[in-house]
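Take a look at the letters that make up each chain.
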Amino acid sequence: MYAREDPPALHALLGHALAALAPCPRIEAFVGASPSPLGPGALPRTRRSATHDALLQTGFTGRRSGSYLHRLLPPEPTPAKLVADVFPCDCPPGHRLIIREAAEPVAEALVSVGADRTATVYWIETLPTRRRHGLGHKLLAQALALLAEQGATEVALVVDDAPQPAPDHQAASRLFDSFGFTLVDQLWTYQHQRPRATRSAA
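Residues numbered from 1 in each chain as written. Predicted model: local features only at pLDDT ≥ 70, side-chain atom pairs only at ≥ 80, totals over all residues. Heavy atoms only, no water.

*Asks:* Mind showing me how you'd approach the overall build of the protein here?
*Replies:* Counting its secondary structure elements, the protein contains four helices and nine strands. Shown N-terminal to C-terminal, the secondary structure of the protein runs as helices and strands in the order α-β-β-α-β-β-β-β-β-α-β-α-β. Looking at the protein alone, contacts between residues at least 24 apart form 70% of all its contacts between residues at least 6 apart. For the protein, the exposed area adds up to about 12100 Å²; of that, 56% sits on carbon and sulfur atoms. (Helix = DSSP H or I, 4+ residues; strand = E, 2+ residues; numbered from the N terminus. Contact = heavy atoms within 4.5 Å. Areas by Shrake-Rupley, 256 points an atom, 1.4 Å probe, with all protein chains shown as cover.)

The structure is reproduced here in structure tokens:
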């Protein structure tokens, strides 16, 4: 949903949507989209405050689902130690980087460069048994160098919010902080739950 942050237009759109979806017991907004060069997937709460307010005013409840992070890439790629094998990926179009130990994958990242030279880190993950060994740092360093070599000038990613600030979630935040990523906005998702009709007594 997009209406140039114009409240009357937003309320008109939401009114039409809610009327068209009236039979649905639950309606979700800004849920389920993956981050991409076109946007973070969920709603950037601060930059689209009018949309946020219109959703709440029409009966949606919202919750923070993640953080949208960003950093610029240097014009000259910084050399990185090659620790991961790199494979082309079709969906989404990009590259998969995999660190192996004894031929077994232990850490993986998926990255992509858009037509506007904006890159996306779709995910980066290390096996739980191999965390806190510096693999994520090495993997992200190689991924960012690869993106810069492919002509990317900036890179964005989304960090999902954990229900509670778990140690692994905090480690991911520290990792991205160490590479100079900064917070662009909080990401929110929304749900409109219709009350169940009261059943008449038999």
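*Asks:* I tried to follow helix α2 (residues 49–57) on my own but got confused; where do I start?
*Replies:* Think of an α-helix as 3.6 residues a turn; residues three or four steps apart then line up on the same face. Taken together, the buried positions of α2 are Ala 50, Thr 51, His 52, Ala 54 and Leu 55. For α2, the secondary structure elements touched by its buried residues are α1 (7–20), β1 (26–29), β2 (43–44) and β9 (182–193). Of the residues trailing α2, Gly 59 is marked for its positive phi of about 100°. (Buried < 20%, exposed > 50% of the residue type's maximum accessible area, 1.4 Å probe, protein only.)

*Asks:* Can you walk me through the pairing of strand β7 (residues 118–126) in this structure?
*Replies:* The side chains of a regular strand alternate, first on one face of the sheet and then on the other. Across seven bridges, strand β6 (residues 104–113) lies against β7 in antiparallel orientation. Counterpart to Leu 110 in the pairing with β7 is Trp 123. As paired strands, β7 and strand β8 (residues 154–160) are joined by four bridges and run parallel to one another. Residue pairing in the sheet places Ala 119 in a bridge with Val 155 of β8. (Pairing = 2+ DSSP bridges.)

*Asks:* Looking at this structure, how should I read the pairing of β6?
*Replies:* Here strand β5 (residues 94–101) pairs with β6 via seven bridges, running antiparallel. Residue Arg 96 lies in a different strand from β6, and its bridge partner there is Leu 110. A loop of two residues connects β5 with β6, the two strands running antiparallel in sequence, and Ala 102 in this loop sits at a positive phi of about 55°. In textbook terms, the turn of a hairpin is the stretch between consecutive antiparallel strands, and for β6 and β7 this stretch comprises four residues, one of which, Arg 117, has a positive phi near 70°.

*Asks:* I would appreciate a short explanation of the side chain of His 52 in the present structure.
*Replies:* Its place among the elements puts His 52 in helix α2. Owing to a relative accessible area of 3%, His 52 belongs among the buried residues under this scheme.

*Asks:* For this particular structure, what's the right way to read the packing of aromatic side chains?
*Replies:* What characterises a pair of aromatic rings is the spacing of the ring centres plus the angle enclosed by the ring planes. Applying the stated criterion across every chain yields a total of three aromatic pairs. Plain terms: the ring middles of Phe 176 and Phe 181 are 5.7 Å apart, the flat faces sit at 75° to each other, and that makes the pair edge-to-face. According to the relative accessible area criterion, Phe 176 is buried, its value standing at 5%. On the accessibility criterion, Phe 181 (4% relative accessible area) is buried. Every member of this aromatic cluster is reached through a ring pair, and the members are Phe 30, Trp 188 and Tyr 190. (Phe/Tyr/Trp six-rings, centres within 6.5 Å; stacked < 30°, edge-to-face > 60°.)

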